[in-house]
Amino acid sequence: NSTQMSEGMNPSEYARVMNRFYATATHGMTDSDAIIDKLVGDEVMALFLPAFAGDEHAAKAVEACLEIMKRVGYGSNSDPFIEVGAGVNTGTAYVGVVGDEGNYKDFTALGEAVNLAARLAQAARSGEVLVAESTRNAARLPEGEKRSIDAKGFPHPIDVTALRYQD
């Protein structure tokens, strides 16, 4: 909801908050062996590749998201400095360089698994991490609050577990 947040701020103040969020999120992710793919608006996309994050990549991704919730202020006595929701999905994706060979190139991940992670992040409420069921199983997480969400571009509801940061 960065558009709503920016409405009451001057551009410099808004940039300070976003830069604080980017620093908080990127440190939280890289501390858990992620590769930062991109910073887009109010979103940080990170990859937990098994080659870098190891066999526990799914669990590390979930733990990193919960750590970010803690770092922005969820679970404390005061309000978070920014409202954050996160989505975690695992699966096979194209990971590599895309773009025009002579001009712009970007290193990224593409595919259904990536698209679903983005949809989960969009559906997450403030202070919540939505984890796809296959990812919850891969991370060997205990069962939590179950939910089904309608995800744009996916023909059937997606089963997720909703997690919240706990002290």
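So, here's what we can say about the structure. Quantities reported herein were computed from a predicted structural model and do not represent experimental measurements.

The rules behind these values
The written sequence of each chain sets the order in which its residues are numbered from 1. For a predicted model such as this one, the threshold for reporting local features is a pLDDT of at least 70, and the threshold for listing and counting side-chain atom pairs is 80 or more; totals across whole chains, interfaces and linings nevertheless cover every residue. Just so you know, side-chain values use all the structure's heavy atoms and leave hydrogens and water out. Here, any two strands with at least 2 DSSP bridges between them count as paired. By definition, any uninterrupted DSSP run of H or I lasting at least four residues is a helix, any uninterrupted run of E lasting at least two residues is a strand, and each is numbered from the N terminus. Fitting a line to C-alpha atoms yields each axis, with helices limited to the stretch in contact; the angle taken between N-to-C directions then spans 0 to 180 degrees. Think of a patch as exposed residues, more than 30% relative accessible area, with no salt bridge, where like charges cluster within 9 Å and nonpolar side chains (Val, Leu, Ile, Met, Phe, Trp, Tyr) cluster within 5 Å. What sets the accessible areas is the Shrake-Rupley method with a 1.4 Å probe; for residues, cover comes only from the shown protein chains. The salt bridge definition used is simple: a Lys or Arg side-chain nitrogen within 4 Å of an Asp or Glu carboxyl oxygen. Here, nonpolar core means buried Ala, Val, Leu, Ile, Met, Phe, Trp, Tyr and Cys residues that are tied together by side-chain atoms lying within 4.5 Å of each other. Burial classification: accessible surface area is computed with a 1.4 Å probe over protein chains only, and a residue below 20% of its type maximum counts as buried, one above 50% as exposed, and the rest as partly exposed. Every residue pair with non-hydrogen atoms within 4.5 Å of one another is taken to be in contact.

### Regarding the pairing of strand E2 (residues 43-47)
Judged from the five bridges that link them, strand E1 (residues 35-40) and E2 form a sheet pairing that is antiparallel. In the strand pairing of E2, Ile-35 is matched with Leu-47.

### Considering the sheet that holds strand E7 (residues 145-149)
Paired through their backbone hydrogen bonds, the strands of a sheet run either parallel or antiparallel. Ordered in space as E3-E6-E8-E7, the four strands form an open sheet in which the pairing is mixed. Taken across any chain shown, the strands that pair with only one partner, and hence form the sheet edges, are strand E3 (85-88) and E7. Between one strand axis and the next, the sheet turns by 30 degrees as a mean value, whatever way the strands run. Pairing between strand E6 (residues 128-132) and strand E8 (residues 158-164): five bridges, direction antiparallel. Bridge assignment links Glu-128 to a residue of E8, and that residue is Arg-164.

### Quick word on a nonpolar patch on the surface
Taken together, the side chains of Val-95, Val-97 and Phe-107 define a hydrophobic patch exposed on the protein surface, amounting to about 240 Å² of accessible area. Position of Phe-107 relative to the elements: it lies in strand E5 (residues 105-110).

### Some thoughts on the nonpolar core
With 26 residues, the main nonpolar core has Phe-21, Met-29, Phe-48, Met-69, Ile-82, Val-84 and Val-129 as its most contacted residues. With residues up to four places along the chain from it excluded, the contact list for Met-29 reads Ala-34, Ile-36, Ala-46, Phe-48, Ala-64, Cys-65 and Ile-68. One finds Leu-120, Ile-149, Ala-151 and Ile-158 within the second-largest nonpolar core, a separate group that totals 11 residues.

### Remarks on the environment of Met-29
With respect to the helices and strands, Met-29 occurs in helix H2 (residues 11-30). Its relative accessible area of 8% is what places Met-29 among the buried residues. Distance from Met-29 to Val-44, taken between C-alpha atoms, is 9.3 Å for residues 15 residues apart in sequence.

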